Amino acid sequence: SLVEFIGVGIFSIDPEVVVEQLEQHSEIESAQVHLAMPNKVVVEVSERTAAVAWNDAGRTWWLSLDGLAFIPQDTNADLVRIETEKAVLNISEEATQPAMAPEVIENALVLNQELKDVEVLQYDPQYGFGFDDPHGWRVVFGVDGDMAMKVRVYRVLADTIAEKGISVELVNLEDQAAPYYKVER
């Protein structure tokens, strides 16, 4: 895009300073500034793409794949939705510092892909990602590991629980090698 610096002489503009200032915004992934004679400044900006809409205890942020948080631009955006009861994002004055680890964002995308019928993933600092199953139990996956495999293991466990008619309150897949369920009392 073309930006005009009205009233400023072209020789007083330092392109590196302008780039540095632009890249301090979490929404901007990269910027380039070119000066052209006699009086033009061309600014090219690549915007960061939002991967998830994270409702952090009532305040929604968009997070990119690299974990940077920025203010939502469109309430109708088709993003993976995550909710937390307590604020967990590391929102700081330094906009270019990740609010959440990129691996966590990537795993949320895998879970969203594997759990098509789950509209909103829940995040808990203790258990990681999860959701409330329509059968009435809570399911938790943690934040790391092979999320696609965890979902496959969950489906087998859910079928077994449903077949046996067991009253369960929690299915825990944080450790995919040792999943377990907690029976209601």
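Residues numbered from 1 in each chain as written. Predicted model: local features only at pLDDT ≥ 70, side-chain atom pairs only at ≥ 80, totals over all residues. Heavy atoms only, no water.

Peer 1: How should I be thinking about the overall build of the chain in this particular structure?
Peer 2: The secondary structure content of the chain amounts to 3 helices and 12 strands. Dimensions of the chain, computed from the C-alpha atoms along their principal axes, are close to 80 × 30 × 25 Å. Within the chain, buried positions represent 35% of all 185 residues. In the chain, the proportion of contacts linking residues at least 24 apart, taken out of those at least 6 apart, comes to 47%. When the accessible surface of the chain is summed, it comes to about 11300 Å², and 48% of that surface belongs to carbon and sulfur atoms. Within the chain, the 33 negative side-chain charges are centred at a point lying 9 Å from the centre of the 13 positive side-chain charges. (Helix = DSSP H or I, 4+ residues; strand = E, 2+ residues; numbered from the N terminus. Buried < 20%, exposed > 50% of the residue type's maximum accessible area, 1.4 Å probe, protein only. Contact = heavy atoms within 4.5 Å. Areas by Shrake-Rupley, 256 points an atom, 1.4 Å probe, with all protein chains shown as cover. Lys, Arg positive; Asp, Glu negative; His and termini not counted. Charge placed at Lys NZ, Arg CZ, Asp CG, Glu CD.)

Peer 1: So what exactly am I meant to see when it comes to the packing of aromatic side chains here?
Peer 2: The description of two aromatic rings rests on the distance between their centres and on the angle between their planes. Per the stated rule, a full pass over the model turns up 7 aromatic pairs. Centroid distance Tyr123 to Phe129: 5.2 Å. Interplanar angle 70°. Geometry classified as edge-to-face. Put simply, the rings of Trp54, Tyr123 and Phe129 touch in pairs and so form one group of aromatic residues. (Phe/Tyr/Trp six-rings, centres within 6.5 Å; stacked < 30°, edge-to-face > 60°.)

Peer 1: Would you explain the pattern of salt bridges in this entry?
Peer 2: Oppositely charged side chains may form a pair once their charged atoms are brought near each other. Evaluated as defined, the whole model comprises 3 salt bridges. Of the charged contacts in the structure, one is a salt bridge between Arg48 and Asp66, with a shortest N-O distance of 3.1 Å. You can see Arg48 sitting in the loop between strand E3 (40–47) and strand E4 (50–56) and its partner Asp66 sitting in the loop between strand E5 (59–64) and strand E6 (69–70), a full 18 residues away along the chain. Assessed through its relative accessible area of 15%, Arg48 is described here as buried. Residue Asp66 is classed as partly exposed on the basis of its relative accessible area of 29%. For Asp132, the salt bridge goes to Arg138, with nearest N and O atoms at 3.7 Å. (Salt bridge = Lys/Arg side-chain N within 4 Å of Asp/Glu carboxyl O.)

Peer 1: Where do I start with the packing of helix H2 (residues 102–114) against helix H3 (residues 147–164) in this structure?
Peer 2: Packed helices, taken two at a time, are described by their axes: the angle between them and the distance between them. Where H2 meets H3, the closest approach of the two axes is 9 Å, and the angle between their N-to-C directions is 40°. It follows that H2 is oblique to H3 by the angle criterion. Considering how the two elements wind past one another, H2 and H3 form a crossing that is right-handed. Touching Asn107, Val110, Leu111 and Glu114 of H2 are Met147, Ala148, Val151 and Arg155, all from H3. For the contact of H2 with H3, the residue count by class is 5 nonpolar, 1 polar and 2 charged. (Axes fitted to C-alpha atoms, helices over the stretch in contact; angles between N-to-C directions. Parallel < 35°, antiparallel > 145°, perpendicular 65-115°, else oblique. Left-handed = near helix turned anticlockwise from the far one by under 90°. Nonpolar A, V, L, I, M, F, W, Y, C, P; charged D, E, K, R; others polar.)

Peer 1: Can you help me understand the environment of Asp56 in this one?
Peer 2: Tracing the sequence through the fold places Asp56 in strand E4. Since its relative accessible area comes to 8%, Asp56 is described here as buried. Expressed as a C-alpha distance, the spacing of Asp56 and Ile82, which sit 26 residues apart in the sequence, is 8.2 Å. Among the polar contacts listed, one links the side chain of Asp56 to the backbone nitrogen of Val88, at a separation of 2.7 Å. (Polar contact = N/O pair within 3.5 Å; in protein donor to acceptor, adjacent residues only side chain to side chain.)

Peer 1: So what exactly am I meant to see when it comes to the nonpolar core here?
Peer 2: Soluble, globular proteins show a tendency: their nonpolar side chains are buried together. Formed by 33 residues in total, the largest nonpolar core has its most connected members in Trp54, Leu63, Ile82, Leu121, Phe129, Phe141 and Tyr154. Setting aside chain neighbours within four positions, we find Tyr154 in contact with Phe131, Asp133, Trp137, Val139, Phe141, Val171 and Leu173. Core analysis: the next-biggest nonpolar cluster, separate from the first, contains 6 residues, Ile13, Val18, Val19 and Val33 among them. (Core = buried A, V, L, I, M, F, W, Y, C linked by side-chain atoms within 4.5 Å.)

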